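Read off the chains here:
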Amino acid sequence: MINIGIIGFGTVGTGTARILIEKRDVLRERLGFDINLKRVADLDVKRDRGIKLSEGILTTDANAIINDPDMDIIVELIGGIHPAKDFILQAIKNKKHVVTANKALLATEGNEIFAAAEKCGVEIGFEASVAGGIPIIKVIREGLIANRILAVYGIINGTSNYILTKMTDEKVEFSDALKEAQRLGYAEADPTYDIEGIDSAHKLAILASLAYGIPLSYDNVYKEGITKISSQDIEFASELGYKVKLLAITKAVDGEVELRVHPTMLPKDYLISKVDGVFNAIYVEGDAVGATLYYGRGAGDMPTGSAVVSDISDIARNINMKATGRVPGLGRAKEGIGIRKIEDVESMYYFRFSALDRPGVLSKISGVLGNNNISIASVIQKGRRIGEAVPLVVLTHMAKERDVIHAVREIDNLPVVAEKTLYIRVEGKEE
Ligand code: HSE
């Protein structure tokens, strides 16, 4: 029998406890031994979570779990940095294996945590930290071990995908869509994590570390959220044959790794473009397997609980076979692989200029683009308001971000441009 202690009886803690209790027999049948939920700790032991724990399981004292000599696996589901980090490090010191869904903690403090775990000979399971119920950690670390990973593109924040979907399908404005996402309980405690790309960047740091064998590099992830995207951009994108998604991208380019999170225009007919609402999807391209896509629920009690129980089962099997450490947590991370600066990234671009409706304006703007090596693929101008500002939309061929930054700075200083230019990176085949 393997004893489990859960710290944090919130949404994911409740889903995990429910699975461990209600599926105990199924798990025993599949594993050939018993998984016993021994204790659950939370500061709030009064709230009804709709799940019955046996007498003596619930406690307010996390240390009672961490310091219990009979406890085999500690499951940290409180989120945030402190005290989660302290609990995990203490558990590791006590030679307990750890399972966590804490993407923010792993992305920012994970190098220290994984090093401590390796030193003490314990495992860290973190399947639930990225894309909820989709077993993407196992896919990249184990399922695709034969591959050099060429690229990973992920919709890995359900809240922002929900907001963009609402804005696309129902022409709802950003703030109303956000309120609805919060009501549904998918948003982080601080929703700026969702809408500013921080949560996606946490998850991307974890995926990139597994895909490219680099240390967790959250600080080097370029982040741009969805707050500047308006419903008119979504409409223009649609007219041009694209959908706007918040994508987390990592790929290997000329010996460096790109790490970026930003709104991206994707051709409507791509499978990943059809991933709507709170759903997540991750496209992974390997040199042997080719293109693969993983889709499912990226948040919520039962989907995330499913991932937590998968980790518990793996570790429990390893404990029983005396084979812990069989699969290294982060793979074999090595220093020295460069992270590509955003200025060096190449992409196609969508620009929305706010230009005065006056003869010669387009040639001024296209002149600046041309002088900065940016070649135009198509142009739309909407509306007719002589002498006033109208949106002028330009799609480009492949261009360097450094050139785009220079061009936009120059264009925004032109007297014929009324507001700051908005640009969105575009994926897909170059026309
Ligand atoms: N806030 C996250 C999301 C929850 O919206 O995807 C799951 O990590």
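Our subject is the structure that appears above.
Residues numbered from 1 in each chain as written. Predicted model: local features only at pLDDT ≥ 70, side-chain atom pairs only at ≥ 80, totals over all residues. Heavy atoms only, no water.

> Which parts of the structure should I look at to understand the packing of helix H7 (residues 158-170) against helix H8 (residues 174-183)?
How two helices pack is summed up by the angle between their axes together with the distance between the axes. Taken N-terminus to C-terminus, the directions of H7 and H8 make an angle of 135°; their axes are 9 Å apart at the nearest point. Judged on the interaxial angle alone, H8 and H7 are oblique. Of the two possible hands of crossing, H7 and H8 adopt the one that is right-handed. Side by side, H7 and H8 meet where Thr159, Tyr162, Ile163, Lys166 and Met167 of the first sit next to Phe174, Ala177, Leu178, Glu180 and Ala181 of the second. Broken down by class, the residue content of the contact of H7 with H8 amounts to 7 nonpolar, 1 polar and 2 charged. (Axes fitted to C-alpha atoms, helices over the stretch in contact; angles between N-to-C directions. Helix = DSSP H or I, 4+ residues; strand = E, 2+ residues; numbered from the N terminus. Parallel < 35°, antiparallel > 145°, perpendicular 65-115°, else oblique. Left-handed = near helix turned anticlockwise from the far one by under 90°. Contact = heavy atoms within 4.5 Å. Nonpolar A, V, L, I, M, F, W, Y, C, P; charged D, E, K, R; others polar.)

> I keep staring at the site of the ligand and nothing clicks. Help me out?
Taken together, the residues surrounding the ligand are Lys103, Asn157, Gly158, Thr159, Tyr186, Ala187, Glu188, Asp194, Asp199, Lys203, Gly298 and Ala299. Thr159 places a side-chain nitrogen or oxygen 2.6 Å from an oxygen atom of the ligand. Tyr186 has a polar backbone atom sitting 2.8 Å from a nitrogen atom of the ligand. For the ligand, the accessible surface in isolation is 260 Å², of which the surrounding protein chains cover 90%. More than half of the atoms belonging to the ligand lie within 2 Å of the grid points that define the largest pocket. For the shell around the ligand, the secondary structure elements donating two or more residues are H7 and helix H10 (198-212). Its residues assigned to classes, the shell around the ligand shows 3 nonpolar, 4 polar and 5 charged. (Near = heavy atom within 4 Å. Polar contact = N/O pair within 3.5 Å; in protein donor to acceptor, adjacent residues only side chain to side chain. Areas by Shrake-Rupley, 256 points an atom, 1.4 Å probe, with all protein chains shown as cover. 1 Å grid on protein atoms, 1.4 Å probe; cavity = no way out; pocket = protein on both sides within 12 Å on 5 of 7 lines; lining within 4 Å. Sits in = over half its atoms within 2 Å of the grid points.)

> What is the right way to look at the pattern of salt bridges in this model?
Any two side chains of opposite charge can pair, given that their charged atoms come close. Enumeration according to the criterion identifies 27 salt bridges in this entry. Between Arg141 and Glu142 there is a salt bridge, and its shortest N-O distance comes to 3.6 Å. Given a relative accessible area of 17%, Arg141 falls into the buried group. Salt bridges sharing partners connect three or more residues here, namely Arg24, Asp25, Arg28 and Asp34. (Salt bridge = Lys/Arg side-chain N within 4 Å of Asp/Glu carboxyl O. Buried < 20%, exposed > 50% of the residue type's maximum accessible area, 1.4 Å probe, protein only.)

> Even after reading the chapter, I still don't get the environment of Ala211, so can you show me in this structure?
As for its position among the elements, Ala211 is in helix H10. For the pair Ala211 and Val284, spaced 73 residues apart in sequence, the C-alpha separation works out to 9.5 Å. With residues up to four places along the chain from it excluded, the contact list for Ala211 reads Ile140, Ile149 and Val152.

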